[in-house]
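Listed below, chain by chain, are the residues.
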Amino acid sequence: MSPGLRGAPAGPEVQERTILLSEPRAGMMQAFLFLVRLAGLLSLTSRFLVTSALQEGLPESVVEALLRPSHVSERLVGLQVRGSNFTLGNMPFLILSGTIHYFRVPRDYWKDSLLKLKACGFNTVTTHVPWNLHEPRRGQFHYSGNLDLIAFISLASEVDLWVILCVGPYIGSDLDLGGLPSWLLKDSHMKLRTTHKGFTAAVNRYFDDLIPKIRGFQFQEEGPIIAMQMENEYGSYNLDKRYMPYIKNALLSRGIKTMLMTADTGQGLLKGHTPTVFATLHMKSIRQKTYEHLSSAQGPGPVMMTVYTARSLDGWGTPRNTLDLHMLMESVREMLKLRFSLNFYMFHGGTNFGFTGGAAFPGHRLPMVTSYDYGALLTEDGGYTPEYLVFQEFFRPDAGVPSFQHQDHRPKDTYAPLAAGHFISLWDTLIHQDDEPVRSTGPLSMEQLSVNEGSGQSAGYILYETVITRGGVLNSDGHVKDRGQVFLDDKYIGVLDDTHQKLTLPSDHYKEFLTLRILVENQGRLASGTSMNQERKGLTGNIYLNGSPLRKFKIYSLEMQNKFIQRKLPNIWKPSFLHTVGPAFFLALLRVGSQPKDTFMSLQGWTKGVVFINGQNLGRYWNVGPQETLYVPGPWLKPGLNEIIVFEEFKSTLLIYFTNTSQLGY
């Protein structure tokens, strides 16, 4: 789910991004006129001019957005469609929602983000439930710590917000495999997001565990959940007409009473629509006919823009996306005049901690950066943006939203630079891995490995080792997914990936046998598209030397979740001195005072890798940009010494810097 409305250039491209409305049919909303005014649009980008342009005021209907959980005592009738409006508890209701992903925001800061959402004038929080994080191994479910969904829903209720829950099973959200567990791909015949027996069996088991946990938080049960979104943009996938009715019945049969929704782009609206399920729109590919299709599919009724955003994701090696604040606010003002309900994606984007981020394919594979800033109304670390303040000024004066004073933002700290004083080569850690290496005649993908109690490997790196007797041309034949470093007797040779599929290996006439190693990184599975079914990682097929397939592999699963990262090892670290070459782990110690604060880590001069602090995976770094710093949440630090482990693939400077501001590129 990555709809993008970026900084708008002049000319036809702006018009392509303009949301058009058709003339209403009988009973439809009055005057479907949603044409973003282009005159002066490009010059009015400052906050002052935008704010002054919005002083015309909101329609009276926006007062419907003031309905909050504490105001509703009658819970017999949930969210319904009546004429061209929503009602909730039989009272007129306008949904003003913002998306916060609990799994992308440190748990200690959930309440802060929710309070800021409410203070901005929103009445609802939308969140997605990532199946892959809650069931990382087949049959083993996790709902604790940063994955405590019930605690997040309870907090939303506590601060007087409604909840829209996107239960999937596929949620998109720019996650690895769109939030589906990678172990599904262990089945070579798997057809994701269809009624394929292997997929529905897994979904049924997941829903049997998830739905009873959330069932009691529905509106009708005195809870805050007013709607549930099933699947995500299925109209653009559309491989099985029986699938969406199956998901609907899977939810209803398990006791879901609240309104069910679908969410699709303009092009996918009709294909994704399911009878008796309310259809909502993603702000992508919307044309005049979109609203005609919406009316024909479900009759006259309210319009909800489930995904409204000003930006799209950032990928490694590409310029950072920017937003046009004036265009954003003009669109919101027009939507509210027409009584559209909307959800702002993202209100607080947070961080792709660990290896959670997926990949996109805008003509080429684009792995996502660690920050999920996404042009949200709060910064990655939860700070106010100029856009937040404009939204708040827009909603509050005329809608009557109670005034909230801005809390002082959480203080940041700039710790002194550190030197990584110790290191250990990746090769020296192999005997300390949790799992014994897998021996195989040919290559096996991550998903095919027997690790994790048969669920295979989900993320991280995987190392293939074999013995050859001579050099020559190494050909991956497109089977390296996604990026493989090649070593011959520990000497770096080069990289194999989608664009570089051949390398020349030198011969050594003084050695009878040479050890060939290929270290493959999973850079994130595609988050959308029918190609998700082929998103297995590692070596996904034969690799050839001089035309002959290599055989007799020793395969190491390097998921980076092992006891090495937790430092439950004998003292095998060596003084680094001037050793700066990877692949290796580098260790540094950060001393923190009695009150740890947020900070940002800069690895200027390092090349590419992953950072861990006190065992927590902060995410990936890469000197190709645009992201230059990693967010370090204060709650993940502790008073005293904190252990930082950096896995560097290529070359480092040993120095680690800290700053009190994020640097996400330009």
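Residues numbered from 1 in each chain as written. Predicted model: local features only at pLDDT ≥ 70, side-chain atom pairs only at ≥ 80, totals over all residues. Heavy atoms only, no water.

J.: Would you mind going over unusual backbone geometry with me for this structure?
T.: A negative phi holds for most residues other than glycine; trans holds for most peptide bonds. Pro-169 follows Gly-168 through a cis peptide bond whose omega is 15°. With respect to the secondary-structure elements, Pro-169 resides in the loop between strand E6 (162-168) and helix H6 (197-214). For the bond running from Gly-582 to Pro-583, omega is 5°, close enough to zero to count as cis. Inspection of the secondary structure puts Pro-583 in the loop between strand E28 (574-575) and strand E29 (584-592). A positive phi angle, close to 70°, is found at Thr-276, a residue other than glycine. The topology assignment puts Thr-276 in the loop between helix H8 (269-272) and strand E9 (278-282). Thr-276 sits in the exposed class, given a relative accessible area of 76%. One non-glycine residue, Asn-614, lies in positive phi territory at about 50°. (Helix = DSSP H or I, 4+ residues; strand = E, 2+ residues; numbered from the N terminus. Buried < 20%, exposed > 50% of the residue type's maximum accessible area, 1.4 Å probe, protein only.)

J.: When you look at the layout of surface pockets in this model, what are you seeing that I'm missing?
T.: Remark: the empty space left among the atoms is shown by a probe the size of a water molecule rolled over them. The calculated volume of the largest pocket comes to roughly 1,200 Å³. In terms of lining residues, the largest pocket is bounded by 36 residues, among which Leu-133, Leu-147, Gly-354, Thr-356 and Gln-561 are the most central. For the lining of the largest pocket, the secondary-structure elements that each account for two or more residues are helix H4 (131-134) and strand E32 (616-622). When the residues that make up the lining of the largest pocket are grouped by side-chain class, the tally is 14 nonpolar, 18 polar and 4 charged. (1 Å grid on protein atoms, 1.4 Å probe; cavity = no way out; pocket = protein on both sides within 12 Å on 5 of 7 lines; lining within 4 Å. Points joined across faces, edges and corners; volume = space filled by probe spheres on them. Nonpolar A, V, L, I, M, F, W, Y, C, P; charged D, E, K, R; others polar.)

J.: How do you make sense of the pairing of strand E4 (residues 96-100) when you look at a structure like this?
T.: Both faces of the sheet carry side chains from a regular strand, because those side chains alternate between them. Counting buried positions along E4 yields 5 of 5 residues, so the element is predominantly enclosed. A two-sided burial pattern is seen for E4, the buried positions comprising Leu-96, Gly-98 and Ile-100 on one face and Ser-97 and Thr-99 on the other. In terms of strand pairing, E4 meets strand E11 (residues 341-348) through 4 bridges, oriented parallel. Pairing of Ile-100 across the sheet is with His-348, part of E11. In the sheet, E4 pairs with strand E5 (residues 124-128) via 3 bridges, with the strands oriented parallel. Counted as the bridge partner of Gly-98 is Val-125 from E5. Between the parallel elements E4 and E5, the chain passes through helix H3 (residues 110-119) in a crossover that is right-handed. (Pairing = 2+ DSSP bridges. Right-handed = clockwise from strand over helix to strand, strands pointing away.)

J.: Even after reading the chapter, I still don't get the sheet that holds strand E7 (residues 225-230), so can you show me in this structure?
T.: Strands belonging to one sheet form pairs held by backbone hydrogen bonds; the direction of such a pair is parallel or antiparallel. One closed barrel accounts for 8 strands, arranged E4-E5-E6-E7-E8-E9-E10-E11; its pairing is parallel. The average angle at which neighbouring strand axes cross in this sheet is 30°, direction not considered. Where strand E8 (residues 259-264) lies against E9, 4 bridges are found, and the strand directions are parallel. Pairing of Met-261 across the sheet is with Phe-278, part of E9. Contacts from helix H9 (residues 288-298) reach E9 and strand E10 (304-308) within the one sheet, and its direction differs from that of E9 by about 165°. Packed onto the sheet, helix H10 (residues 325-337) meets E4, E10 and E11 and runs at close to 165° relative to E10. (Axes fitted to C-alpha atoms, helices over the stretch in contact; angles between N-to-C directions. Contact = heavy atoms within 4.5 Å.)

J.: Help me understand the nonpolar core in this model?
T.: Judged by nonpolar contacts, the single largest core of 120 residues is most densely connected at Phe-122, Leu-165, Leu-192, Ile-214, Phe-391, Ile-644 and Ile-656. With 8 residues, H6 is the largest single contributor of residues to this core. Structurally, this core is a two-domain feature, drawing no fewer than three residues from each of domain 1 (68-311 + 321-395) and domain 2 (418-424 + 567-659). Setting aside its immediate chain neighbours within four residues, Leu-192 contacts Leu-177, Leu-180, Leu-184, Leu-185, Phe-199, Tyr-237, Met-532 and Asn-533. In terms of nonpolar packing, the next biggest core, distinct from the first, is built from 24 residues, Met-446, Val-480, Ile-543 and Ile-555 among them. (Core = buried A, V, L, I, M, F, W, Y, C linked by side-chain atoms within 4.5 Å. Domains from an automatic or database assignment.)

J.: Looking at this structure, how should I read the sheet that holds strand E26 (residues 548-549)?
T.: Strand order in the open sheet formed by 4 strands is E22-E18-E25-E26, with antiparallel pairing between adjacent strands. The open sheet has two edge strands, strand E22 (502-505) and E26, and neither has a second partner. Where strand E18 (residues 472-475) meets E22, 4 bridges bridge the pair, whose relative direction is antiparallel. If you follow Leu-474 over to E22, its bridge partner there is Leu-503.

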